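Examination of the molecular architecture
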Amino acid sequence: MIEKILRLMEIILKILFSKRNMSTHRCTAEDDDDAYAGTGLVGVNYGLVGDNLPEPSAVVELCKSNNIQRIRLFEPNIPVLEALRQSGIAIAVGVKNEDLQNLAVDQAAATTWIANHVTPYINDINFDYVVVGNEVSLADEGINVAPAMRHLYNALQDAGKSAVKVTTSIALDSLSISYPPSAGAFSTSVVAPMEIIASFLISTSSPLMLNAYPYFAYASDSQHISLDYALFRPSAPVVQDGNLSYHNIFDAMVDALYSALEKVGGSALSIVVSESGWPSAGNGNFTTVALAQEYNTNLISHVAAGQGTPKKPGFATRTYLFALFNEDQKSPGVEENFGLFYSNMKPVYPITFP
């Protein structure tokens, strides 16, 4: 056990101080020119937790016909990757949480992961990101995230694939304070791992990803959070935070993370929202088709406008909607009803991607 801890500490120190193939450029939202050029700002999460989902080739055609230019996969899936060849759809591909420990301590394992899941497709698929873990419990497993990212980054560099960004996706509950947004702060138990993660992301000009769900905030505290504020409806500010005015809780969530990052040396980072959506069923009047359609339609319009947040005006927030399909093997209720489409590829409600 002591040897393992010492090994992890050695890796972390290498991340902080090594200059191997790493840029000293400060990462801002302007670094990803395509992400902030007004096109392709909104993607969709393509989950596979279902036993009745359509064939990947049909899904690719569905995405193309609906102008979905980017998708996020939670883990590499060979049939899906094969179907995406020459599709023109850019992808973010995830690394499973259970793989992080091995990748954190073994550069060879990371090299093999890239060789198996990225290199064979790199000439036919545009990889935006390798997303190292999804909502990892940073207090318990956060020590593995930065070393795993570093090893995967090294593997991409060695393979000549430096354009692919390596990042991780966190949940908003990593913050102990999120209101008002300017007071945003990480929980004490995750400050140390987030300092290391932020340092790595800045050194590689990569963004941090955030799963942001106004639905869950509203559903858990509808007495204090209005439906209008959750659905992007207000024309007048709902929250005044110093000289910053907030018309929707989505921007408030993103800016709370920006404020928290400032406190761990991450003020130069940009944020990509890796998940956001509204379920169409599963929780009574909180989850109707009409509400889901309104939220996702307004979210697309808000993001595509490229205005950014009150704290970061002009820096558009690339966002991935959750999710492409209703997935019948997820937990019954809300979790299986986030889809834009049913498994037969018919839309749950009409929605347009710019």
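What you see is a predicted model; the values in this text were computed from it and never measured.

Look at the link from Tyr179 to Pro180: it is a cis peptide, with omega at -10°. Along the chain, the position of Pro180 falls in the loop between β6 (175-177) and β7 (185-186). Look at the link from Phe322 to Ala323: it is a cis peptide, with omega at 10°. Take Ala323: it is sitting in the segment after β12 (319-321). Positioned with a positive phi, Asn67 is a non-glycine residue whose angle comes to about 60°. Note on placement: Asn67 falls in the loop between α2 (56-65) and β2 (70-73). The partly exposed category is assigned to Asn67, whose relative accessible area is 34%.

So, on to helix α10 (residues 249-262). With 14 residues, α10 extends 20 Å from end C-alpha to end C-alpha; this agrees with the ideal 20 Å at 1.5 Å per step. Most of α10 is tucked away, with 13 of its 14 residues classed as buried.

Averaged over every residue, the pLDDT of the protein chain is 91; residues scoring 70 or more account for 89%. Counted against residues more than four places away or in other chains, residues 1-38, with its pLDDT under 50, gives 71 contacts.

A word on the pattern of salt bridges. Side-chain pairs of opposite charge can arise where the charged atoms are in close proximity. Applying the stated criterion across every chain yields a total of nine salt bridges. Measuring nitrogen to oxygen at the nearest pair gives 2.7 Å for the salt bridge that ties Arg70 to Asp128. Here Arg70, found in strand β2, pairs with Asp128, found in strand β4 (residues 127-134); they are 58 residues apart in sequence, far enough to count as distant. The exposure classification of Arg70 matches that of Asp128, with both residues buried. Ionic pairing is found between Asp128 and Arg318, a salt bridge with its closest N-O pair at 3.5 Å. With Asp128 in strand β4 and Arg318 in the loop between α11 (289-304) and β12, this residue pair connects regions lying 190 residues apart in the sequence. The two residues Asp128 and Arg318 agree in class, both being buried. What emerges from the salt-bridge pattern is a single network uniting Arg70, Asp128 and Arg318.

Strand order in this closed barrel of eight strands is β1-β2-β3-β4-β5-β8-β11-β12, and the pairing throughout is parallel. Mean inter-strand twist for the sheet, computed between neighbouring axes without regard to direction, equals 25°. Alignment of β4 against strand β5 (residues 165-171), held across four bridges, turns out to be parallel. Residue pairing for β5: Val131 is matched across the bridge by Thr167. In the packing of α10 onto the sheet, contacts are made with β5, β8 (208-211), β11 (271-276) and β12, and the angle to β11 comes to roughly 135°.

Let us now look at the side chain of Ser87. Here Ser87 lies in the loop between α3 (78-84) and β3 (90-95). Overall, the relative accessible area of 11% leaves Ser87 in the buried class. Of note is the side chain of Ser87, whose polar atom sits 2.7 Å from the backbone oxygen of Leu84. One polar contact links the side chain of Ser87 to the main-chain amide nitrogen of Ile89, over a distance of 3.2 Å.

Calculation notes
- Residues numbered from 1 in each chain as written.
- Predicted model: local features only at pLDDT ≥ 70, side-chain atom pairs only at ≥ 80, totals over all residues.
- Heavy atoms only, no water.
- Helix = DSSP H or I, 4+ residues; strand = E, 2+ residues; numbered from the N terminus.
- Buried < 20%, exposed > 50% of the residue type's maximum accessible area, 1.4 Å probe, protein only.
- Expected span 1.5 Å × (residues − 1).
- pLDDT = per-residue confidence, 0-100.
- Contact = heavy atoms within 4.5 Å.
- Salt bridge = Lys/Arg side-chain N within 4 Å of Asp/Glu carboxyl O.
- Pairing = 2+ DSSP bridges.
- Axes fitted to C-alpha atoms, helices over the stretch in contact; angles between N-to-C directions.
- Polar contact = N/O pair within 3.5 Å; in protein donor to acceptor, adjacent residues only side chain to side chain.

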